[in-house]
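Coordinate inspection notes
Residues per chain are reported as follows:
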Amino acid sequence: MKNIFLLLLLFYISCNEDHKPSGQTDEYLSGQAKYFRFNGNVLVAEKGKIIYQKSFGFADFDTERMLNDSSVFELASVSKQFTAMAILMLMEKGKLKLTDSLRQYFPELPYSNITIRQMLTHTSGLPDYEAAMNKKWDHRKIAFNRDMIAFLATEKLPANFLPGTKWEYSNTAFALLASIVEKQSGQTFQHFLAENIFTPLGMAHSRIYNTRRSLKDTIVNYAYGYGYSDSLKKYILPDTDPDANFVIYLDGIQGDGVVNSTTGDLLKWDRALKNHRLLNEAVQAEMLKGQELADTANKIYYGYGVFITKKDTGTTISHSGGWPGYTTFLTRNIDEDRTIIILSNNNSNSPALASTLETILVQKSVVMPYEHTRIAMDSVAIDKFTGSYQGESKMKLERKGEKLFWVMTNGQSVELIPESVNKFFYSDGTDRQVEFEMDEKSTIKKTWFIGYGIKREIKKIE
């Protein structure tokens with residue numbers, strides 16, 4: 001009898017081992033928090049079942065209030081899939097067609113022959129309202145969607161290209177889509193999403209929230225977004241950063257961002273997309289299908305509010321989000337039905353971290369985070385590493401005095417600090433290194449770029 005009990009116990013343990021959080025997942029994220037300032041919430045699920053969920057760091061850096069699994073984050077552009085869903089739900093109800101033109105709803109705008117579908121897929125050619133309002137809007141006034149529309153109508157900014165001829169990411173398009181939702185539903189965008197998406201899915205912690213600055217609204221368990229100030233040597237709210245003051249005067253714009261949510265609520269949303277709970281199966285499939293080619297080199301497509309990418313680990317449906325203080329990422333590997341959600345409120349690189357987690361979960365090796373220390377290296381030793389290299393993009397390694405710099409094609413550069421005779425780490429505090437594999441004569445055999453634990457070879461081309 002004891003032997004039978006023991007066998008059953010061992011069977012139970014072995015069956016549940018597959019569902020335990022990977023020790024490497026926690027080691028990796030804990031290392032990111034310890035050595036590279038990762039601050040945020042993480043959730044990993046397989047087939048809808050949570051296998052890892054953890055909070056790292058502060059919800060409020062000023063008071064040192066800690067994050068927990070119910071902390072609410074600004075999603076930034078991860079919000080776009082909710083805007084797309086609202087449009088598709090109205091289409092199903094016969095309230096609009098994807099072939100409808102923008103001017104059918106806003107005839108005062110000077111942009112002809114732009115369809116709702118082109119707005120959903122970033123092929124509209126609409127100008128960037130953020131850049132334009134940064135130059136010409138009164139920064140003492142908070143702009144709402146109606147103000148943005150009136151601004152575009154008055155300024156008559158030229159379109160960036162003919163509709164349908166190019167793919168170019170457009171926040172303007174999705175803000176206008178939110179306003180179309182309001183026109184065709186007779187509800188505010190906030191109430192439409194609450195009534196038709198958040199409440200039916202039990203997303204109790206989710207809402208449209210861009211009124212902290214305009215209406216002084218508050219959320220109890222809110223994760224405030226912070227950016228690091230090099231001069232002050234601490235994290236500060238973007239409200240006090242002159243370079244990020246657009247978070248105040250653009251506070252009222254909805255549709256391209258401002259859905260706020262938790263990792264748990266986003267898992268409910270992810271399950272609803274997979275199981276077509278809000279749309280009929282055919283329409284849901286169209287939303288999650290590659291409608292337009294967004295990145296030719298990497299074969300990345302855009303559906304309606306989501307990216308579709310084929311990688312060696314499987315096909316993913318995903319979207320990232322970025323706003324001062326926040327970097328967010330929601331992705332599902334549709335082949336494995338594995339969901340990864342990372343919400344950061346200190347601008348940590350959530351998409352890169354998610355990519356590494358996916359690599360860990362398919363049991364491929366990664367370089368774990370560790371503390372880097374500088375060694376001295378003279379210019380003669382540095383010179384042999386200089387030259388042009390080709391990886392996912394082209395870059396140069398250049399020496400300036402006694403220092404080595406990584407220089408991108410756009411001119412941006414970052415110092416590479418030596419930690420050994422053949423390995424350098426980035427000086428900007430990110431988890432990136434360059435490693436040179438040498439032969440017995442100290443000649444470079446191979447060069448490796450290590451980004452957030454993923455090691456890839458780069459080739460010297462000149």
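Residues numbered from 1 in each chain as written. Predicted model: local features only at pLDDT ≥ 70, side-chain atom pairs only at ≥ 80, totals over all residues. Heavy atoms only, no water.

With that settled, the discussion passes to the environment of Ile342. Locating Ile342 in the fold gives a position in strand 15 (residues 338–344). In the structure, Ile342 is positioned 225 residues away from Arg117 in sequence and 29 Å away in space, judged by C-alpha atoms. If we ignore the near neighbours within four places in the chain, the residues touching Ile342 are Phe38, Asn41, Val42, Thr327, Thr328, Phe329, Ser350, Leu353, Ala354 and Leu357. (Helix = DSSP H or I, 4+ residues; strand = E, 2+ residues; numbered from the N terminus. Contact = heavy atoms within 4.5 Å.)

Counting buried positions along strand 1 (residues 40–46) gives 6 out of 7 residues, so the element sits mostly inside the fold. Looking at chain direction, strand 1 and strand 15 are connected through 7 bridges and run antiparallel. Within the sheet, the bridge partner assigned to Ala45 lies in strand 15 and is Thr339. By the bridge criterion, 7 bridges tie strand 1 to strand 2 (residues 49–56) in an arrangement that is antiparallel. Each residue of the ladder has a partner; that of Glu46, found in strand 2, is Lys49. In sequence, strand 1 turns back onto strand 2 through a hairpin of 2 residues, with Lys47 there showing a positive phi of about 55°. (Buried < 20%, exposed > 50% of the residue type's maximum accessible area, 1.4 Å probe, protein only. Pairing = 2+ DSSP bridges.)

As a further point, take the pattern of salt bridges. Within the structure shown, the criterion is met by 22 salt bridges. Across the salt bridge formed by Lys54 and Asp26, the nearest N and O atoms sit 3.0 Å from each other. Of this pair, Lys54 sits in strand 2 while Asp26 sits in helix 2 (residues 23–36), placing them 28 residues apart in sequence. On the basis of relative accessibility, which here comes to 32%, the residue Lys54 falls in the partly exposed class. Taking the relative accessible area as the measure of exposure, Asp26 reaches 25% and is therefore partly exposed. A salt bridge links Glu46 to Arg338; its shortest N-O distance comes to 3.4 Å. Taken as a pair, Glu46 in strand 1 and Arg338 in strand 15 lie far apart in primary sequence, 292 residues in all. Beyond isolated ion pairs, a larger network of salt bridges with shared partners links Asp270, Arg271, Arg332 and Asp337. (Salt bridge = Lys/Arg side-chain N within 4 Å of Asp/Glu carboxyl O.)

In space, the 8 strands of this open sheet follow the order 2-1-15-14-13-12-11-10, with antiparallel pairing throughout. Of all the strands in the sheet, just strand 2 and strand 10 (292–295) have a single pairing partner and so form its edges. Direction aside, neighbouring strands of the sheet carry axes that sit 20° apart on average. Contacts from helix 11 (residues 263–274) reach strand 1, strand 2, strand 14 (326–333) and strand 15, with the element oriented near 145° to strand 15. (Axes fitted to C-alpha atoms, helices over the stretch in contact; angles between N-to-C directions.)

Locating Ile341 in the fold gives a position in strand 15. Residues Ile341 and Phe329, spaced 12 residues apart in sequence, show a C-alpha to C-alpha distance of 5.8 Å. The contacts of Ile341, once residues within four sequence positions are left out, are Asn41, Val42, Leu43, Thr263, Leu266, Leu267, Phe329 and Leu330.

Summed over all chains, the structure comprises 21 aromatic pairs. Measuring from centroid to centroid gives 6.0 Å for Trp167 and Tyr302, while their planes differ by 55°, and the two rings are tilted. With Trp167 in the loop between helix 7 (145–155) and helix 8 (171–185) and Tyr302 in strand 11 (residues 300–302), this pair connects stretches of sequence that are 135 residues apart. Look at Tyr302 and you get buried, because its relative accessible area is 0%. (Phe/Tyr/Trp six-rings, centres within 6.5 Å; stacked < 30°, edge-to-face > 60°.)

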